[in-house]
Amino acid sequence: MKNKDYLDELEAEAIYILREVAGQFDRPALLFSGGKDSICLVHLALKAFRPGKFPFPLVHVDTGHNFEEAITYRDNLAKKIDEKLIVRYVEDTIKAKKLQDGKGKFPSRNGLQTYTLLDVIEEFEFDACIGGARRDEEKARAKERIFSVRDEFGQWDPKMQRPELWNIYNGKINKGENVRVFPISNWTELDVWNYIKRENIELPSIYFTHERECILTENGQLMNTNEFVQREDSDVIVTKKVRYRTVGDMTCTAAVESEAYTVDDIIAELKEAKISERGATRMDDRVSEAAMEDRKKGGYF
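Residues numbered from 1 in each chain as written. Predicted model: local features only at pLDDT ≥ 70, side-chain atom pairs only at ≥ 80, totals over all residues. Heavy atoms only, no water.

Novice: Quick question: what am I supposed to make of the packing of aromatic side chains here?
Specialist: Each pair of aromatic rings is reported with the distance of its centres and the angle of its planes. Taken as a whole and assessed by the stated rule, the structure comprises ten aromatic pairs. Here F25 and F147 contribute two aromatic rings whose centre-to-centre distance is 5.7 Å and whose plane-to-plane angle is 55°, an arrangement assigned as tilted. Placement of the pair is F25 in the loop between α1 (6–24) and β1 (28–31) and F147 in strand β5 (residues 147–150), with a sequence separation of 122 residues. With respect to class, F25 is no different from F147; both count as buried. Ring plane angle 80° and centroid distance 6.2 Å describe the contact between W193 and F208, whose orientation is recorded as edge-to-face. Here W193 is found in helix α6 (residues 189–199), whereas its partner F208 is found in the loop between α6 and β7 (210–216), with 15 residues between them in sequence. Across this residue pair, the class does not change: W193 and F208 are buried. Aromatic ring contacts, followed pair by pair, group Y16, F25, F147 and Y169 into a single cluster. Taking the ring centre of F106 as reference, the NZ or CZ of K105 above it sits at 5.7 Å. (Phe/Tyr/Trp six-rings, centres within 6.5 Å; stacked < 30°, edge-to-face > 60°. Helix = DSSP H or I, 4+ residues; strand = E, 2+ residues; numbered from the N terminus. Buried < 20%, exposed > 50% of the residue type's maximum accessible area, 1.4 Å probe, protein only. Lys NZ or Arg CZ within 6 Å of the ring centre and 35° of its normal.)

Novice: Any chance you could explain the sheet that holds β7 here in plain terms?
Specialist: Two orientations exist for strands paired in a sheet by backbone hydrogen bonds: parallel and antiparallel. Read around the closed barrel, four strands run β7-β8-β10-β9, paired in antiparallel fashion. Here the strands of the sheet are splayed against their neighbours by 60° on average, with no regard to which way each runs. Across three bridges, the pairing between β7 and strand β8 (residues 222–224) is antiparallel. Looking at β8, one finds that I215 is bridged to M223. (Pairing = 2+ DSSP bridges. Axes fitted to C-alpha atoms, helices over the stretch in contact; angles between N-to-C directions.)

What follows is the structure, encoded as structure tokens:
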């Protein structure tokens, strides 16, 4: 019998959590964006439930500012594994609720995602939403439990977290409440890439080095040029070899200069990295020290 390594332990824990969700909840959903973490969740779900069908649909809250590579991958994967994909659009929510769209040079819709997410939870009466957040990403996410209870308004109170001793997860909720579930919460970015290598998981090309035209910001970030960004004559436009460590909106996610053409290259690069993936690339997390926590308290994933 071959010896288990730490990836086997992380995989086993995630599969156990996914099966706990299937056993404890009536209407779960897996939030899927076409990013590497949610791709790993789908891979884990295949291991957890095949040859049967998933006990939940894939759900994507589409901001309309997504990278084309991620959306193409999303659609192709759902078709390949023959699982239900539900897509709801922030653009529709903006119109229906008469919300103010993002402003400024890089108009992020990340905050507006909350409204669409809460609407889709209400529409399908989801009682649990599975996501790929990890504790190493950001300090607010480090406060989360595996089963994170939200009240009837979708709000999160970091002071009202349930204990999770001996891997016992309590999914008991009152009517109208919701649980956000994070099966890879204990993984790191490097763990994710080591797992991708071991399992030979296919990813969108945006994660690997390619040439891209970018706006070089005052603080040195490389922002993608696209139809949603307000171009100015004073902008410094550069074409660089870049890749994306995390795939959010085109308007708030910066690229990093890289020569990483393979998974092995990325793993080697990450071993030398000094900044977390969100800290290095997500403009929306730089609004304030508590930007992520404030969004989560309002219902953000």
